[in-house]
Amino acid sequence: MRDLMLGFDEEKTGTEMFRFMEDLFPIYRSITGDGIRETLRRIGERIPLELYEVPSGTEVFDWTVPKEWNIRDAYIEDPTGRRVVDMADSNLHVVSYSVPVDARMPLSELKEHIHTLPDQPDLIPYRTSYYSEAWGFCMAHEKFQALEDGEYVVRIDSSLEPGSLTYGECYLPGETEAEVLISCHCCHPSLANDNLSGITLATRLAEHLRGLPLRFSYRFLFIPGTIGSITWLAVNEHRVDKIKHGIVVASVGDAGPATYKRSRRGDALIDRASTHVLRHSAQPHNVIDFSPYGYDERQYCSPGFDLAVGALARTPYDEYPEYHTSADDLDFVRPEYLADSLSLYLQVLDVLENDGVYVNRYPKGEPQLGRRGLYPSVGARGSTPELIARLWVLNLSDGQHDLLEIARRARLPFSDIKEATQVLTESGLLAPASQSGTSP
(Lines give C-alpha, C1' and ligand atoms only; values in the text may rest on other atoms or scores of the structure.)
Protein backbone atom coordinates (compact mmCIF):
# COMPACT_ATOMS: atom_id res chain seq x y z
CA MET A 1 0.00 0.00 0.00
CA ARG A 2 1.17 3.54 -0.71
CA ASP A 3 1.51 6.32 1.86
CA LEU A 4 1.21 9.78 0.36
CA MET A 5 1.59 11.39 3.77
CA LEU A 6 5.15 10.07 3.98
CA GLY A 7 7.55 12.91 4.83
CA PHE A 8 4.80 15.50 5.22
CA ASP A 9 5.68 18.07 7.91
CA GLU A 10 2.64 20.31 8.30
CA GLU A 11 4.29 23.21 10.11
CA LYS A 12 7.36 23.35 7.88
CA THR A 13 5.27 22.95 4.74
CA GLY A 14 2.90 25.78 5.69
CA THR A 15 5.80 28.17 6.23
CA GLU A 16 7.38 27.26 2.89
CA MET A 17 4.09 27.67 1.04
CA PHE A 18 3.50 31.10 2.53
CA ARG A 19 6.99 32.27 1.53
CA PHE A 20 6.30 31.21 -2.04
CA MET A 21 3.09 33.24 -1.97
CA GLU A 22 5.05 36.27 -0.81
CA ASP A 23 7.36 35.80 -3.79
CA LEU A 24 4.51 35.67 -6.31
CA PHE A 25 2.22 38.31 -4.78
CA PRO A 26 3.63 41.45 -6.49
CA ILE A 27 3.50 40.06 -10.04
CA TYR A 28 0.81 41.54 -12.27
CA ARG A 29 -0.99 38.52 -13.73
CA SER A 30 -3.79 38.40 -16.26
CA ILE A 31 -5.17 35.80 -18.66
CA THR A 32 -2.27 36.45 -21.05
CA GLY A 33 1.03 38.30 -21.02
CA ASP A 34 4.41 38.48 -19.37
CA GLY A 35 3.01 38.42 -15.82
CA ILE A 36 1.64 34.91 -16.20
CA ARG A 37 4.88 33.83 -17.92
CA GLU A 38 6.96 35.14 -15.01
CA THR A 39 4.69 33.34 -12.57
CA LEU A 40 5.06 30.09 -14.51
CA ARG A 41 8.82 30.59 -14.70
CA ARG A 42 9.06 30.73 -10.91
CA ILE A 43 6.83 27.67 -10.56
CA GLY A 44 9.14 25.94 -13.04
CA GLU A 45 12.06 26.52 -10.69
CA ARG A 46 10.38 24.11 -8.26
CA ILE A 47 8.74 21.46 -10.43
CA PRO A 48 9.21 20.20 -14.02
CA LEU A 49 6.92 22.56 -15.93
CA GLU A 50 6.40 22.68 -19.67
CA LEU A 51 5.04 25.95 -21.09
CA TYR A 52 2.65 26.10 -24.03
CA GLU A 53 1.76 29.13 -26.17
CA VAL A 54 -1.56 29.16 -28.04
CA PRO A 55 -1.70 31.99 -30.63
CA SER A 56 -4.27 34.78 -30.40
CA GLY A 57 -7.16 34.15 -32.74
CA THR A 58 -7.12 30.37 -32.26
CA GLU A 59 -10.67 29.01 -32.17
CA VAL A 60 -11.25 26.87 -29.10
CA PHE A 61 -14.78 25.47 -29.28
CA ASP A 62 -17.13 28.48 -29.07
CA TRP A 63 -14.37 30.83 -27.89
CA THR A 64 -11.38 32.55 -29.46
CA VAL A 65 -8.01 33.01 -27.79
CA PRO A 66 -7.83 36.77 -27.14
CA LYS A 67 -5.09 39.23 -27.93
CA GLU A 68 -2.17 39.33 -25.53
CA TRP A 69 -2.23 42.10 -22.92
CA ASN A 70 0.71 43.57 -21.03
CA ILE A 71 0.83 46.45 -18.56
CA ARG A 72 3.79 48.58 -17.57
CA ASP A 73 2.32 51.53 -15.69
CA ALA A 74 -1.00 53.17 -14.86
CA TYR A 75 -1.89 56.22 -12.80
CA ILE A 76 -4.21 59.20 -12.35
CA GLU A 77 -2.92 62.66 -11.41
CA ASP A 78 -5.21 65.27 -9.89
CA PRO A 79 -5.16 68.97 -10.90
CA THR A 80 -2.25 69.62 -8.50
CA GLY A 81 -0.09 66.91 -10.07
CA ARG A 82 -0.53 64.48 -7.16
CA ARG A 83 -1.06 60.84 -8.07
CA VAL A 84 -4.38 59.82 -6.55
CA VAL A 85 -4.27 56.35 -8.15
CA ASP A 86 -1.02 54.53 -8.89
CA MET A 87 -0.57 50.95 -10.02
CA ALA A 88 2.74 50.96 -8.15
CA ASP A 89 0.74 51.03 -4.90
CA SER A 90 -1.63 48.20 -5.87
CA ASN A 91 -1.90 46.37 -9.15
CA LEU A 92 -5.65 46.14 -8.55
CA HIS A 93 -5.87 49.85 -9.35
CA VAL A 94 -6.05 49.25 -13.10
CA VAL A 95 -8.82 47.27 -14.77
CA SER A 96 -7.23 44.18 -16.27
CA TYR A 97 -7.04 44.34 -20.08
CA SER A 98 -7.40 48.14 -20.19
CA VAL A 99 -6.41 49.56 -23.56
CA PRO A 100 -3.71 52.29 -23.62
CA VAL A 101 -4.77 55.77 -22.48
CA ASP A 102 -2.81 59.03 -22.39
CA ALA A 103 -5.22 61.89 -21.90
CA ARG A 104 -6.46 64.82 -19.86
CA MET A 105 -10.13 64.95 -18.89
CA PRO A 106 -12.49 66.55 -16.39
CA LEU A 107 -13.51 64.62 -13.29
CA SER A 108 -17.03 64.20 -14.63
CA GLU A 109 -15.69 62.20 -17.59
CA LEU A 110 -13.11 60.30 -15.54
CA LYS A 111 -15.74 59.09 -13.06
CA GLU A 112 -17.32 56.97 -15.79
CA HIS A 113 -14.14 54.87 -15.82
CA ILE A 114 -13.65 54.44 -12.06
CA HIS A 115 -14.92 51.41 -10.11
CA THR A 116 -15.43 51.41 -6.34
CA LEU A 117 -17.20 49.45 -3.60
CA PRO A 118 -19.58 51.79 -1.78
CA ASP A 119 -20.44 49.02 0.71
CA GLN A 120 -16.73 48.45 1.44
CA PRO A 121 -15.47 52.02 1.12
CA ASP A 122 -11.87 51.38 2.23
CA LEU A 123 -11.22 48.53 -0.23
CA ILE A 124 -10.08 48.47 -3.88
CA PRO A 125 -12.17 46.17 -6.10
CA TYR A 126 -10.73 43.81 -8.73
CA ARG A 127 -12.24 44.31 -12.18
CA THR A 128 -11.51 43.00 -15.68
CA SER A 129 -12.41 43.79 -19.28
CA TYR A 130 -11.07 40.72 -21.05
CA TYR A 131 -13.38 40.51 -24.04
CA SER A 132 -14.24 44.13 -24.80
CA GLU A 133 -11.79 46.92 -25.54
CA ALA A 134 -12.24 49.37 -22.68
CA TRP A 135 -10.24 50.96 -19.90
CA GLY A 136 -10.71 51.79 -16.28
CA PHE A 137 -9.36 52.21 -12.78
CA CYS A 138 -10.35 50.85 -9.38
CA MET A 139 -9.99 52.71 -6.10
CA ALA A 140 -11.32 52.89 -2.57
CA HIS A 141 -14.72 54.59 -2.48
CA GLU A 142 -13.72 56.89 0.34
CA LYS A 143 -10.84 58.24 -1.75
CA PHE A 144 -13.06 58.49 -4.81
CA GLN A 145 -15.48 60.70 -2.89
CA ALA A 146 -12.61 63.00 -1.92
CA LEU A 147 -11.68 63.78 -5.54
CA GLU A 148 -12.09 67.45 -6.39
CA ASP A 149 -13.33 68.95 -9.65
CA GLY A 150 -10.75 69.86 -12.24
CA GLU A 151 -8.69 68.37 -15.04
CA TYR A 152 -6.98 65.03 -14.44
CA VAL A 153 -4.09 63.34 -16.19
CA VAL A 154 -4.90 59.74 -17.06
CA ARG A 155 -2.24 57.32 -18.26
CA ILE A 156 -2.34 53.59 -18.89
CA ASP A 157 0.85 52.29 -20.48
CA SER A 158 -0.37 48.97 -21.82
CA SER A 159 -0.45 46.96 -25.03
CA LEU A 160 -3.19 44.80 -26.51
CA GLU A 161 -2.01 43.07 -29.64
CA PRO A 162 -1.71 39.64 -31.28
CA GLY A 163 0.36 37.29 -29.15
CA SER A 164 -0.57 34.12 -27.31
CA LEU A 165 -2.16 32.53 -24.28
CA THR A 166 0.37 30.82 -22.03
CA TYR A 167 -0.23 27.88 -19.72
CA GLY A 168 1.98 25.44 -17.84
CA GLU A 169 1.79 21.67 -17.44
CA CYS A 170 3.59 19.42 -14.99
CA TYR A 171 3.27 15.72 -15.72
CA LEU A 172 4.31 13.12 -13.16
CA PRO A 173 4.20 9.59 -14.62
CA GLY A 174 2.89 6.75 -12.48
CA GLU A 175 2.55 3.00 -12.92
CA THR A 176 -0.46 3.48 -15.21
CA GLU A 177 -1.41 6.01 -17.85
CA ALA A 178 -4.68 6.72 -16.05
CA GLU A 179 -4.46 10.33 -14.86
CA VAL A 180 -5.42 12.49 -11.92
CA LEU A 181 -5.90 16.10 -12.99
CA ILE A 182 -4.95 18.92 -10.61
CA SER A 183 -5.96 22.28 -12.07
CA CYS A 184 -5.57 25.83 -10.77
CA HIS A 185 -6.05 29.26 -12.31
CA CYS A 186 -3.06 31.59 -12.24
CA CYS A 187 -4.44 34.70 -13.95
CA HIS A 188 -5.35 36.88 -10.97
CA PRO A 189 -2.99 39.67 -9.86
CA SER A 190 -2.33 40.38 -6.17
CA LEU A 191 -5.15 38.30 -4.71
CA ALA A 192 -3.76 35.97 -2.09
CA ASN A 193 -6.55 33.48 -1.49
CA ASP A 194 -7.99 33.72 -4.99
CA ASN A 195 -5.82 32.27 -6.26
CA LEU A 196 -2.21 32.48 -5.13
CA SER A 197 -3.14 29.93 -2.48
CA GLY A 198 -4.22 27.51 -5.22
CA ILE A 199 -1.07 28.07 -7.25
CA THR A 200 1.04 27.51 -4.15
CA LEU A 201 -0.79 24.36 -3.06
CA ALA A 202 -0.64 22.80 -6.52
CA THR A 203 3.08 23.54 -6.77
CA ARG A 204 3.85 22.12 -3.34
CA LEU A 205 1.67 19.07 -4.01
CA ALA A 206 3.61 18.34 -7.19
CA GLU A 207 6.89 18.77 -5.31
CA HIS A 208 5.74 16.29 -2.67
CA LEU A 209 4.44 13.67 -5.10
CA ARG A 210 7.61 13.72 -7.22
CA GLY A 211 9.47 11.76 -4.59
CA LEU A 212 6.85 9.03 -4.12
CA PRO A 213 5.96 5.87 -6.06
CA LEU A 214 2.60 6.55 -7.71
CA ARG A 215 -0.13 4.34 -9.07
CA PHE A 216 -1.73 7.06 -11.19
CA SER A 217 -0.06 9.59 -13.42
CA TYR A 218 -0.64 13.20 -12.34
CA ARG A 219 -1.18 16.16 -14.64
CA PHE A 220 -0.94 19.60 -13.02
CA LEU A 221 -2.35 22.52 -15.00
CA PHE A 222 -1.51 26.16 -14.29
CA ILE A 223 -3.88 28.03 -16.56
CA PRO A 224 -5.75 31.31 -16.91
CA GLY A 225 -9.30 30.98 -15.62
CA THR A 226 -12.11 29.89 -17.98
CA ILE A 227 -10.37 30.59 -21.30
CA GLY A 228 -7.39 28.53 -20.09
CA SER A 229 -9.35 25.37 -19.30
CA ILE A 230 -11.41 25.73 -22.47
CA THR A 231 -8.22 26.14 -24.49
CA TRP A 232 -6.55 23.16 -22.81
CA LEU A 233 -9.59 20.96 -23.44
CA ALA A 234 -9.72 22.03 -27.09
CA VAL A 235 -6.02 21.38 -27.66
CA ASN A 236 -6.00 18.10 -25.71
CA GLU A 237 -9.40 16.67 -26.56
CA HIS A 238 -7.76 13.55 -28.00
CA ARG A 239 -6.35 12.51 -24.62
CA VAL A 240 -9.01 13.67 -22.20
CA ASP A 241 -10.26 10.10 -21.78
CA LYS A 242 -7.12 9.34 -19.73
CA ILE A 243 -8.36 11.61 -16.93
CA LYS A 244 -10.07 9.39 -14.37
CA HIS A 245 -10.19 11.77 -11.41
CA GLY A 246 -9.58 15.49 -10.91
CA ILE A 247 -9.69 18.41 -8.50
CA VAL A 248 -9.77 22.16 -9.14
CA VAL A 249 -7.67 24.02 -6.58
CA ALA A 250 -8.73 27.48 -5.44
CA SER A 251 -9.18 29.53 -2.25
CA VAL A 252 -7.34 27.15 0.06
CA GLY A 253 -5.59 29.60 2.41
CA ASP A 254 -8.35 31.27 4.44
CA ALA A 255 -9.69 30.33 7.88
CA GLY A 256 -13.04 28.97 6.66
CA PRO A 257 -14.02 25.31 6.87
CA ALA A 258 -13.02 22.99 4.03
CA THR A 259 -15.64 22.78 1.28
CA TYR A 260 -15.87 20.09 -1.38
CA LYS A 261 -17.97 20.67 -4.49
CA ARG A 262 -19.00 17.44 -6.17
CA SER A 263 -18.41 16.73 -9.82
CA ARG A 264 -21.31 16.83 -12.26
CA ARG A 265 -21.59 13.05 -11.86
CA GLY A 266 -22.11 13.45 -8.14
CA ASP A 267 -21.02 9.94 -7.14
CA ALA A 268 -17.64 9.56 -8.83
CA LEU A 269 -14.78 8.08 -6.81
CA ILE A 270 -13.28 11.56 -6.34
CA ASP A 271 -16.62 12.66 -4.84
CA ARG A 272 -16.81 9.71 -2.48
CA ALA A 273 -13.14 9.98 -1.51
CA SER A 274 -13.29 13.71 -0.77
CA THR A 275 -16.51 13.38 1.20
CA HIS A 276 -15.08 10.52 3.24
CA VAL A 277 -11.87 12.37 4.10
CA LEU A 278 -13.76 15.47 5.22
CA ARG A 279 -16.17 13.46 7.35
CA HIS A 280 -13.27 11.88 9.20
CA SER A 281 -11.21 15.06 9.49
CA ALA A 282 -12.71 16.02 12.88
CA GLN A 283 -13.10 19.55 11.49
CA PRO A 284 -16.10 21.60 10.37
CA HIS A 285 -16.63 21.10 6.67
CA ASN A 286 -19.16 21.39 3.86
CA VAL A 287 -20.00 19.17 0.91
CA ILE A 288 -22.05 20.83 -1.81
CA ASP A 289 -23.55 19.61 -5.06
CA PHE A 290 -22.26 20.54 -8.48
CA SER A 291 -23.43 23.79 -10.03
CA PRO A 292 -22.51 25.20 -13.47
CA TYR A 293 -20.79 28.27 -12.03
CA GLY A 294 -17.65 28.75 -10.01
CA TYR A 295 -14.15 27.95 -11.21
CA ASP A 296 -12.84 25.72 -13.99
CA GLU A 297 -14.67 22.62 -12.75
CA ARG A 298 -17.63 23.87 -14.81
CA GLN A 299 -15.52 23.48 -17.99
CA TYR A 300 -14.22 20.01 -17.15
CA CYS A 301 -17.76 19.01 -16.16
CA SER A 302 -19.43 20.49 -19.25
CA PRO A 303 -21.75 17.92 -20.84
CA GLY A 304 -19.41 17.30 -23.78
CA PHE A 305 -16.72 16.04 -21.39
CA ASP A 306 -18.41 15.26 -18.04
CA LEU A 307 -15.08 14.49 -16.38
CA ALA A 308 -14.97 13.32 -12.78
CA VAL A 309 -13.57 16.64 -11.53
CA GLY A 310 -14.61 18.23 -8.25
CA ALA A 311 -13.34 21.29 -6.40
CA LEU A 312 -11.78 21.33 -2.94
CA ALA A 313 -11.53 24.75 -1.31
CA ARG A 314 -12.03 26.39 2.04
CA THR A 315 -14.56 29.23 1.82
CA PRO A 316 -16.13 29.02 -1.68
CA TYR A 317 -15.66 31.81 -4.17
CA ASP A 318 -17.71 34.97 -3.62
CA GLU A 319 -18.77 33.84 -0.13
CA TYR A 320 -16.21 35.87 1.81
CA PRO A 321 -16.23 39.68 1.88
CA GLU A 322 -12.56 39.90 0.92
CA TYR A 323 -13.22 38.13 -2.40
CA HIS A 324 -11.96 40.14 -5.39
CA THR A 325 -10.89 43.07 -3.24
CA SER A 326 -7.64 44.45 -1.87
CA ALA A 327 -8.49 42.79 1.45
CA ASP A 328 -7.57 39.45 -0.12
CA ASP A 329 -3.95 40.11 0.75
CA LEU A 330 -1.19 38.20 2.49
CA ASP A 331 -2.72 38.94 5.89
CA PHE A 332 -5.90 37.14 4.89
CA VAL A 333 -4.23 33.74 4.41
CA ARG A 334 -2.21 31.86 7.01
CA PRO A 335 0.48 29.16 6.73
CA GLU A 336 -1.46 26.76 8.97
CA TYR A 337 -4.53 26.86 6.71
CA LEU A 338 -2.42 26.33 3.61
CA ALA A 339 -0.80 23.29 5.21
CA ASP A 340 -4.13 21.95 6.46
CA SER A 341 -5.58 22.22 2.95
CA LEU A 342 -2.58 20.41 1.50
CA SER A 343 -3.00 17.66 4.11
CA LEU A 344 -6.61 17.17 3.00
CA TYR A 345 -5.52 16.95 -0.65
CA LEU A 346 -2.92 14.32 0.22
CA GLN A 347 -5.48 12.30 2.16
CA VAL A 348 -7.92 12.38 -0.76
CA LEU A 349 -5.21 11.33 -3.21
CA ASP A 350 -4.12 8.62 -0.77
CA VAL A 351 -7.60 7.14 -1.06
CA LEU A 352 -7.40 7.19 -4.87
CA GLU A 353 -3.95 5.61 -4.83
CA ASN A 354 -4.90 2.78 -2.46
CA ASP A 355 -8.53 2.04 -3.19
CA GLY A 356 -9.28 -1.28 -4.79
CA VAL A 357 -11.37 -4.44 -4.66
CA TYR A 358 -10.10 -7.44 -2.72
CA VAL A 359 -11.20 -11.02 -2.12
CA ASN A 360 -11.16 -12.93 1.18
CA ARG A 361 -9.30 -16.16 0.41
CA TYR A 362 -11.00 -17.92 3.35
CA PRO A 363 -14.60 -16.73 2.97
CA LYS A 364 -16.35 -19.71 4.67
CA GLY A 365 -16.57 -18.74 8.27
CA GLU A 366 -14.16 -16.41 9.96
CA PRO A 367 -10.46 -17.11 9.39
CA GLN A 368 -8.54 -17.98 12.54
CA LEU A 369 -6.69 -14.76 13.24
CA GLY A 370 -5.07 -15.83 16.51
CA ARG A 371 -2.64 -18.30 15.02
CA ARG A 372 -1.56 -15.60 12.60
CA GLY A 373 -0.94 -13.06 15.37
CA LEU A 374 -3.83 -10.90 14.20
CA TYR A 375 -6.14 -11.31 17.22
CA PRO A 376 -5.82 -9.48 20.57
CA SER A 377 -3.65 -11.22 23.13
CA VAL A 378 -5.14 -13.18 26.05
CA GLY A 379 -6.77 -10.88 28.56
CA ALA A 380 -7.48 -8.04 26.14
CA ARG A 381 -10.85 -6.49 26.82
CA GLY A 382 -13.22 -6.01 23.92
CA SER A 383 -12.38 -5.52 20.30
CA THR A 384 -9.46 -3.28 19.40
CA PRO A 385 -9.80 -0.75 16.55
CA GLU A 386 -7.33 -2.82 14.54
CA LEU A 387 -9.43 -5.98 14.97
CA ILE A 388 -12.65 -4.19 14.04
CA ALA A 389 -11.08 -2.90 10.82
CA ARG A 390 -9.72 -6.37 9.96
CA LEU A 391 -13.08 -8.03 10.48
CA TRP A 392 -14.85 -5.48 8.30
CA VAL A 393 -12.29 -5.93 5.52
CA LEU A 394 -12.55 -9.70 5.66
CA ASN A 395 -16.34 -9.67 5.64
CA LEU A 396 -16.84 -7.25 2.76
CA SER A 397 -13.90 -8.32 0.59
CA ASP A 398 -16.07 -10.40 -1.72
CA GLY A 399 -14.94 -8.95 -5.01
CA GLN A 400 -17.88 -6.52 -4.99
CA HIS A 401 -16.95 -3.82 -2.47
CA ASP A 402 -13.99 -1.47 -2.83
CA LEU A 403 -12.02 -0.39 0.23
CA LEU A 404 -13.63 3.05 0.31
CA GLU A 405 -17.09 1.47 0.49
CA ILE A 406 -15.86 -0.77 3.30
CA ALA A 407 -14.59 2.28 5.17
CA ARG A 408 -17.96 3.95 4.70
CA ARG A 409 -19.90 0.92 5.92
CA ALA A 410 -17.58 0.48 8.89
CA ARG A 411 -17.62 4.22 9.66
CA LEU A 412 -13.85 4.13 9.93
CA PRO A 413 -11.15 6.35 8.46
CA PHE A 414 -9.80 5.01 5.17
CA SER A 415 -6.35 4.82 6.74
CA ASP A 416 -7.62 2.17 9.19
CA ILE A 417 -9.05 0.07 6.37
CA LYS A 418 -5.89 0.54 4.31
CA GLU A 419 -3.71 -0.67 7.19
CA ALA A 420 -5.97 -3.68 7.81
CA THR A 421 -5.86 -4.55 4.11
CA GLN A 422 -2.09 -4.48 4.08
CA VAL A 423 -1.80 -6.71 7.16
CA LEU A 424 -4.37 -9.21 5.86
CA THR A 425 -2.74 -9.34 2.43
CA GLU A 426 0.70 -9.93 3.92
CA SER A 427 -0.75 -12.75 6.01
CA GLY A 428 -2.20 -14.47 2.95
CA LEU A 429 -5.83 -13.99 3.96
CA LEU A 430 -6.60 -11.39 1.30
CA ALA A 431 -5.74 -10.84 -2.35
CA PRO A 432 -6.57 -8.22 -4.95
CA ALA A 433 -9.63 -9.32 -6.90
CA SER A 434 -7.60 -9.48 -10.09
CA GLN A 435 -5.06 -11.81 -8.50
CA SER A 436 -7.23 -13.81 -6.11
CA GLY A 437 -6.90 -17.54 -5.85
CA THR A 438 -8.91 -20.13 -4.02
CA SER A 439 -8.13 -21.17 -0.47
CA PRO A 440 -6.31 -24.46 0.09
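One can find the structure itself at the top, above this paragraph.
The text that follows walks through the structure, step by step, so that each part is easy to find.

What counts and what doesn't
Residues numbered from 1 in each chain as written. Predicted model: local features only at pLDDT ≥ 70, side-chain atom pairs only at ≥ 80, totals over all residues. Heavy atoms only, no water. Core = buried A, V, L, I, M, F, W, Y, C linked by side-chain atoms within 4.5 Å. Buried < 20%, exposed > 50% of the residue type's maximum accessible area, 1.4 Å probe, protein only. Helix = DSSP H or I, 4+ residues; strand = E, 2+ residues; numbered from the N terminus. Contact = heavy atoms within 4.5 Å. Pairing = 2+ DSSP bridges. Axes fitted to C-alpha atoms, helices over the stretch in contact; angles between N-to-C directions. Expected span 1.5 Å × (residues − 1).

1. What to know about the nonpolar core
Across soluble globular proteins, nonpolar side chains show a tendency to be buried alongside one another.
(1) Moving on: Of all hydrophobic cores here, the largest spans 138 residues; its most connected members are Trp 135, Leu 205, Leu 209, Tyr 218, Phe 220, Phe 222 and Tyr 300.
(2) Moving on: At nine residues, the largest contribution of residues to this core is made by helix H9 (residues 335–354).
(3) Moving on: Not counting residues up to four positions away in its chain, the partners in contact with Trp 135 are Ser 98, Val 99, Val 101, Met 105, Leu 110, His 113, Val 154 and Ile 156.

2. What to know about the sheet that holds strand S12 (residues 217–223)
(1) Moving on: Reading across from one edge, S1-S10-S12-S11-S13-S16-S14-S15 is the order of the eight strands in this open sheet, with mixed pairing throughout. Taken across any chain shown, the strands that pair with only one partner, and hence form the sheet edges, are strand S1 (50–55) and strand S15 (285–288). Here the average twist between neighbouring strands, direction ignored, is 20°.
(2) Moving on: Note that strand S14 (residues 258–261) and S15 share four bridges and pair parallel. Among the inter-strand pairings, Lys 261 is bridged to a residue of S15, identified as Ile 288.
(3) Moving on: In this fold helix H7 (residues 269–279) packs onto strand S13 (243–249), S14, S15 and strand S16 (309–313), with an angle of close to 160° to the strand it touches most, S14.

3. A short note on H9
(1) Moving on: Taking 1.5 Å per residue as the helical rise, H9 with its 20 residues ought to reach 28 Å, and the 28 Å between its terminal C-alpha atoms agrees with that figure.
(2) Moving on: Counting buried positions over the 20 residues of H9 gives 17, a clear majority of the element.

4. A word on the environment of Phe 8
(1) Moving on: Position of Phe 8 relative to the elements: it lies in the segment before helix H1 (10–24).
(2) Moving on: Each C-alpha atom of the pair Phe 8 and Glu 319 lies 30 Å from the other, and the pair is 311 residues apart in sequence.

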